[in-house]
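# Structural description and commentary
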Amino acid sequence: MRGPTASCRARFRIRRYAKDIAVSITFDSMGLNKALLQALASTGYVKPTPIQEKAIPDVMLGKDLLGIAQTGTGKTAAFALPILHRLAENRTPPAPRTTRALILSPTRELATQIGDSFKAYGAHLGFRVAVIFGGVKYGAQERALQQGLDILVAAPGRLLDHIQQKTLDLSSTEIFVLDEADQMLDLGFIKPIRQIVSRMPARRQNLFFSATMPTEIGKLAGELLKDPVKVQVTPQSTTVQRIAQSVVYIEQGKKRALLTEMFSDPEYKRCLVFTKTKHGADKVAAYLETGGVEAGAIHGNKSQPQRERTLEAFKKGKLRVLVATDIAARGIDVDGVSHVVNFELPHVPESYVHRIGRTARAGKDGTAVSFVAGDEMKLLRDIEKVTRQKIPAADRRNDKQLAALDASIMAAGVAKKATLPEREGGERNEGGRGGRGRSRNPHRDGVRPEGGGQPHRQRRNRPGGEAAAARPEKTYNPMAGEKTAPREPRPEGEMKRRPRRRPSNGGKGYGAAKG
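In this report, the structure presented in the accompanying data block is examined.

### As for empty space enclosed by the protein
This structure, assessed with the given rule, holds 3 cavities of 30 Å³ or more. Around the largest cavity, the lining residues are Asp-282, Gly-296, Ala-297, Lys-302, Thr-310, Lys-417, Ala-418, Thr-419, Leu-420 and Pro-421. Its residues assigned to classes, the lining of the largest cavity comprises 4 nonpolar, 3 polar and 3 charged.

### Some thoughts on the pattern of salt bridges
The tally for this structure, following the rule as stated, stands at 13 salt bridges. Arg-194 is the partner of Glu-223 in a salt bridge, and the nearest nitrogen-oxygen pair spans 2.4 Å. With Glu-223 in helix H10 (residues 215-224) and Arg-194 in helix H9 (residues 190-198), this residue pair connects regions lying 29 residues apart in the sequence. What makes Glu-223 partly exposed here is its relative accessible area of 42%. Several salt bridges converge on common partners, so that one network encompasses Glu-261, Arg-396 and Asp-399.

### With respect to the packing of aromatic side chains
Enumeration according to the criterion identifies 4 aromatic pairs in this entry. Ring plane angle 45° and centroid distance 5.3 Å describe the contact between Phe-79 and Phe-209, whose orientation is recorded as tilted. With a gap of 130 residues between them, Phe-79 in helix H4 (residues 75-89) and Phe-209 in strand S6 (residues 205-210) connect regions that are remote in the sequence. Using a relative accessible area of 0% as the deciding quantity, one classes Phe-79 as buried. By relative accessible area, which is 0% here, Phe-209 ends up buried. Site record: aromatic cluster; members linked through ring pairs are Phe-79, Phe-118 and Phe-209.

### Things to note about the nonpolar core
Nonpolar side chains tend toward joint burial in soluble globular proteins. Counting 42 residues, the largest nonpolar core has Leu-32, Phe-79, Leu-81, Ile-83, Phe-118 and Ile-151 as the members making the most contacts within it. Contributions of two or more residues to this core are made by helix H2 (34-43), helix H3 (50-60), H4, strand S2 (99-104), helix H5 (108-121), strand S4 (149-154), strand S5 (175-179) and S6. Look past the residues within four positions of Ile-83 in its chain and what remains in contact with it is Ala-101, Phe-118, Ile-175, Val-177 and Leu-207. One finds Ile-68, Ile-132, Met-184 and Met-200 within the second-largest nonpolar core, a separate group that totals 32 residues.

### A closer look at the pairing of strand S8 (residues 243-249)
Regular strands place their side chains on alternate faces of the sheet. Of all 7 residues that make up S8, 5 are buried, and the element is covered over most of its length. Pairing of S8 with strand S13 (residues 366-372), which is carried by 7 bridges, proceeds in the parallel orientation. The residue bridging Gln-245 from the neighbouring strand is Ala-368, located in S13. In terms of strand pairing, S8 meets strand S14 (residues 393-395) through 3 bridges, oriented parallel. Residue Val-247 lies in a different strand from S14, and its bridge partner there is Ala-393.

### With respect to the sheet that holds strand S12 (residues 339-342)
Ordered by their spatial adjacency, 7 strands build an open sheet running S10-S11-S9-S12-S13-S8-S14, and the pairing between neighbours is parallel. Looking at which strands have only one partner, the edges of the open sheet turn out to be strand S10 (295-298) and S14. In this sheet, neighbouring strand axes are inclined to one another by 20° on average, regardless of whether the strands run parallel or antiparallel. Helix H14 (residues 349-356) contacts S8, strand S9 (271-274), S12 and S13 of the sheet and is inclined by roughly 150° relative to S12.

Cut-offs and rules
Residues numbered from 1 in each chain as written. Predicted model: local features only at pLDDT ≥ 70, side-chain atom pairs only at ≥ 80, totals over all residues. Heavy atoms only, no water. 1 Å grid on protein atoms, 1.4 Å probe; cavity = no way out; pocket = protein on both sides within 12 Å on 5 of 7 lines; lining within 4 Å. Points joined across faces, edges and corners; volume = space filled by probe spheres on them. Nonpolar A, V, L, I, M, F, W, Y, C, P; charged D, E, K, R; others polar. Salt bridge = Lys/Arg side-chain N within 4 Å of Asp/Glu carboxyl O. Helix = DSSP H or I, 4+ residues; strand = E, 2+ residues; numbered from the N terminus. Buried < 20%, exposed > 50% of the residue type's maximum accessible area, 1.4 Å probe, protein only. Phe/Tyr/Trp six-rings, centres within 6.5 Å; stacked < 30°, edge-to-face > 60°. Core = buried A, V, L, I, M, F, W, Y, C linked by side-chain atoms within 4.5 Å. Contact = heavy atoms within 4.5 Å. Pairing = 2+ DSSP bridges. Axes fitted to C-alpha atoms, helices over the stretch in contact; angles between N-to-C directions.

And the structure:
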């Protein structure tokens with residue numbers, strides 16, 4: 001029997017060598033800065049993800065890049081690590097009110113997440129990193145910009161405010177990153193992005209990262225990127241294979257009851273629920289709370305402290321469910337999300353990819369369930385067309401058990417909003433003033449004056465024990481010209497003085513007026 005030929009043996013050796021190279025790719029082999037490798041080792045990262053393998057070497061060389069990868073694949077580290085490496089190789093102190101690298105993010109939560117990643121990876125480099133977004137005061141942001149920054153992560157709206165107030169100058173920015181570019185398009189940020197880009201120098205490195213690539217984003221990338229390297233890890237608008245997807249046909253009015261019933265299953269440990277509207281998110285969270293499920297809502301109408309408290313409670317496991325709108329879909333980075341529920345299907349099919357991408361992160365498995373009412377069938381067909389799959393479905397229409405559950409929960413009384421999570425060391429808020437979990441003055445709790453009014457304005461007893469003298473009641477005569485008490489009688493012998501008036505002769509005095 002004849003053995004393999006020399007050419008066959010050579011091809012086998014080449015394949016084995018290529019396989020060994022693919023397996024042996026690590027952050028150390030990419031030539032990253034030693035301080036970055038030290039930070040990665042402390043966080044437990046050893047092997048890069050596919051998007052990091054393809055993007056980091058080209059970004060380190062200063063090339064423009066267009067990266068397409070789904071959420072949860074490591075896009076943040078794919079641009080954060082090479083940016084930190086480049087800034088460390090050419091270390092120059094930034095001038096006041098300038099930044100060397102600018103990263104634009106569509107949401108506050110995502111901006112905070114990106115800023116935390118830069119701080120963690122660059123912990124041993126000593127770079128100045130700041131995060132800027134709306135909903136908070138300007139003072140701390142202006143002080144950070146005044147010092148000069150190496151890395152600035154910002155939302156477009158507040159960034160333009162600082163540019164117009166001349167507290168930020170982008171004329172010396174070296175690197176520009178647009179993260180979640182397709183979400184920027186959905187939120188109408190294309191015009192602000194063009195205004196921001198016009199303030200930066202022509203010679204700069206541009207990086208575009210997105211989960212999907214609609215035609216409009218491709219057009220914008222063609223205008224701003226110069227000979228970019230295109231990195232695409234997964235096909236356009238396809239979903240992660242590790243997510244078990246399903247659809248439930250249900251009437252719109254019974255969706256909340258079905259959602260509450262699902263949480264009787266202990267497998268639903270940490271769940272994200274997405275709605276179309278902000279008001280709908282509040283209603284769903286309040287309904288779940290009445291049904292005995294720990295839930296909170298997060299959307300654009302919430303203040304930044306409220307959003308941070310709710311998200312932090314969800315991360316720590318104090319809340320089992322987090323109800324959010326699409327605007328928060330990109331900024332929620334929580335480990336261990338077991339289920340994603342689409343309470344209402346999104347109008348844009350690509351948003352479905354972003355929603356379910358909140359689960360099955362870091363190589364884990366996840367589950368995505370979508371509730372579909374009769375008027376959402378077309379949206380479901382559009383999603384299946386874009387994701388190139390047929391999603392398995394179940395039918396729960398005309399279910400009497402859900403109708404009985406909904407009636408019992410509504411009879412218990414559903415609030416307009418769910419209560420805010422407790423502060424550190426505080427009690428849960430019961431819907432008090434300003435969303436605070438405790439009274440501003442604990443000494444006034446339970447104090448109710450008999451005659452009404454505010455407790456701190458009541459006249460207290462004197463230190464000697466005597467009660468304060470009561471003021472005489474003022475009499476009011478409706479026929480009189482003034483609402484005052486009658487004047488006391490004038491003592492005998494006192495001369496009646498003429499009231500002094502101002503003459504109308506230009507200030508020349510009474511004598512001139514008489515003459």
